[in-house]
Structure formats: structure tokens, C-alpha cells
Amino acid sequence: MRRFKGLEDAIEILQSDFPKGQGWAYSRGLDDLRPIDGIFHVHQVYSAARPDFTGRATVPVLWDRKRRTIVNNESSEIIRMLNSEFDNLANATVDLYPNALRNAIDPINTFIYETINDGVYRCGFARSQRAYEESFHKLFGALDQIELRLDHQRYLVGDRFTEADLRLFPTLVRFDAVYYNHFKCNLRRIADYHNLSNYLREIYQMPGIAETVDMPGIKLGYYGGMRNLNPGGIIPLGPELDFAAPHDRERFAGGA
């Protein structure tokens with residue numbers, strides 16, 4: 001959303017480039033918050049905002065550099081904020097949550113979050129075989145439904161690219177490299193779905209989007225930072241992924 005809205009100059013991004021230690025870890029700090037012993041942790045941001053904070057230090061975090069506090073740490077809410085609250089600084093003509101489509105966007109967002117976005121994590125962190133299998137079947141049932149939906153329309157709510165597509169993209173782009181093996185989501189790859197794989201490539205090839213996908217960094221965060229699932233911390237070299245390959249989504253009218 002930051003890239004779509006043209007907010008790169010207004011909102012700096014600090015992306016984790018170290019394996020998790022005491023939570024998300026970085027090689028550089030933020031303003032007067034400095035690395036400790038060469039590592040900056042996101043929990044330092046939470047402590048700066050509220051010294052008595054003892055909860056989980058999660059990402060993403062939208063940090064107010066003037067007030068030195070956390071504005072928000074919920075990705076879906078940050079997306080909405082970036083879509084509209086910074087239009088004086090951004091490309092105000094880009095609206096991924098238009099009034100006319102909100103009644104269609106909201107339910108598909110809920111469906112995708114519960115079954116796919118969160119579904120891969122429910123598989124990966126399941127504490128029982130039954131819980132894993134329930135999440136596994138819901139995940140692939142949902143992917144099958146989206147595959148069918150994309151067979152007769154270009155995007156999730158029709159012929160216009162919206163917030164719903166943006167929210168599905170990160171899970172799809174990580175799926176074959178991470179979730180398929182690391183989270184045991186191994187019934188089918190996204191590459192095995194005709195429509196989903198072409199849809200994924202179309203979004204990846206939209207201006208500026210490829211630059212937001214750091215596959216080595218993604219693998220580092222999952223394989224290197226989740227020692228409970230990957231005790232050796234070994235990062236796989238594969239699979240070969242070519243998101244720049246041609247796609248066939250132009251067969252539908254409309255576009256981003």
C-alpha cells in the first residue's frame with residue numbers, strides 16, 4: 001500500500017534483516033533508538049512508546065517520529081490508514097477501498113484472512129493433528145474457491161484491483177517458497193493453480209511491486225527465525241520462482 005500510494009518519501013520503512021532473536025531484529029535502529037550489541041529489536045519501539053509494556057512486540061508498526069509513539073500495529077488498519085489518511089502527501093487518485101465496492105471487499109477480506117492469510121499460520125503452528133488437518137482442509141478449500149472465482153473475473157471483486165487483492169498477495173508470493181514446506185501446506189503449490197499463479201504474476205509485475213518482495217529476506221525471517229520449526233536454521237536454496245514470467249490476465253477487461 002505504501003508503494004501504491006507513493007508514500008516512500010513520507011514514510012520510511014525499517015525491514016527486518018536479521019533472524020529473530022528477542023523477536024524481530026534489525027541491523028540498524030530508528031531515530032534515537034539504537035542497536036544494542038549490534039542488534040535492534042522491535043520490542044525497543046514498544047518500550048519507548050510505553051515503558052511498562054509487557055505484551056507481544058509484533059509487526060508491522062506504524063511509528064510517529066514526532067510524538068515518539070506507536071500509532072497502530074494492526075496490518076489491516078494500517079493499510080486503511082495509508083489508503084486515505086496521507087492523501088495530502090501521496091497519490092490521492094489511488095483508492096484501493098472505494099465506497100462503491102466496500103460491501104464486496106469486506107466479506108472477501110474476512111474470508112481470505114480467516115482461511116488463507118491466517119490459515120497458513122494455523123497449519124504451521126497447530127498443536128494437534130486434528131487442528132492441523134482442519135486448518136489444512138479449510139486453507140485448500142479456500143484456495144480452490146479463489147481459483148474458481150479468478151476463472152471468470154480479473155480480481156477478487158471484479159475488474160478493479162482493490163485492497164482485497166493487496167491483502168492476498170503477500171500470502172501467495174510466499175506460499176511456494178515458505179508455507180508449502182515450512183508450514184506443511186503441501187497439498188498443492190500456487191504454481192499448480194492456473195488462475196492463482198497467473199494472478200500472482202500480474203500483481204508482482206505491477207509497477208513497483210517486485211521491489212517490495214525480498215525473497216531472501218522472507219526466507220531468512222521464516223526459516224532462520226523460527227527455530228522451533230527449523231532447529232538448524234538452514235535456509236533452503238529453492239524453489240526456482242519466476243514471477244516475471246508472462247501471465248494471461250489480460251484476457252479480462254479492466255486493470256489496476
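Check the entry above for the structure.
Residues numbered from 1 in each chain as written. Predicted model: local features only at pLDDT ≥ 70, side-chain atom pairs only at ≥ 80, totals over all residues. Heavy atoms only, no water.

Comments concerning the pairing of strand β1 (residues 18-21)
No. 1: With 2 bridges joining them, β1 and strand β2 (residues 23-26) adopt antiparallel strand pairing. The residue of β2 that forms the bridge with G21 is G23.
No. 2: Here β1 hands over to β2 after 1 residue, the two strands then running antiparallel side by side. (Pairing = 2+ DSSP bridges. Helix = DSSP H or I, 4+ residues; strand = E, 2+ residues; numbered from the N terminus.)

Side note on helix α3 (residues 102-117)
No. 1: The first and last C-alpha atoms of α3 sit only 20 Å apart over 16 residues, clearly below the 22 Å expected at 1.5 Å per residue.
No. 2: Residues I105, I108, N109, I112, T115, I116 and N117 constitute the buried set of α3. Taken down its axis, α3 places every buried residue within 165° of arc, on the same side.
No. 3: On its buried face, α3 is in contact with α2 (75-84), α4 (119-124), α5 (129-149) and α6 (163-182). (Expected span 1.5 Å × (residues − 1). Buried < 20%, exposed > 50% of the residue type's maximum accessible area, 1.4 Å probe, protein only. Arc of directions from axis to C-beta. Contact = heavy atoms within 4.5 Å.)

A look at the state of the cysteines
No. 1: On inspection of all chains with the given rule, the structure shows 0 disulfides.
No. 2: With no disulfide partner, C123 has as its closest neighbouring cysteine sulfur the one in C185, 4.1 Å distant.
No. 3: Judged by its relative accessible area of 2%, C123 is buried.
No. 4: C185 gets classed as buried once you look at its relative accessible area, which sits at 0%. (Disulfide = S-S within 2.5 Å.)

Side note on the environment of R67
No. 1: Mapped onto the secondary structure, R67 falls in the loop between β4 (62-64) and β5 (69-72).
No. 2: Overall, R67 belongs to the exposed group, its relative accessible area being 69%.

Re the pairing of β2
No. 1: For β2 and strand β3 (residues 40-41), the ladder comprises 2 bridges, and the chain directions are antiparallel. Within β3, the residue paired with A25 across the bridge is H41.

Notes on the sheet that holds β1
No. 1: The antiparallel open sheet is built from 3 strands, whose spatial order is β1-β2-β3. In the strand order of this sheet, the two ends are held by β1 and β3, each with one partner.

Focus on the pattern of salt bridges
No. 1: This model, assessed by the stated rule, comprises 18 salt bridges.
No. 2: When the shortest N-O distance is used, the salt bridge between R80 and E163 registers 2.6 Å. With R80 in helix α2 and E163 in helix α6, this pair connects stretches of sequence that are 83 residues apart.
No. 3: Judged by relative accessible area, which is 0%, E163 ranks as buried.
No. 4: Of the charged contacts in the structure, one is a salt bridge between D151 and R251, with a shortest N-O distance of 3.8 Å. Here the residue D151 occupies a position in the loop between α5 and α6, and R251 occupies one in the segment after α8 (215-224), the gap between them amounting to 100 residues.
No. 5: A network of salt bridges, in which partner residues are shared, links E12, R28, D31 and R65. (Salt bridge = Lys/Arg side-chain N within 4 Å of Asp/Glu carboxyl O.)

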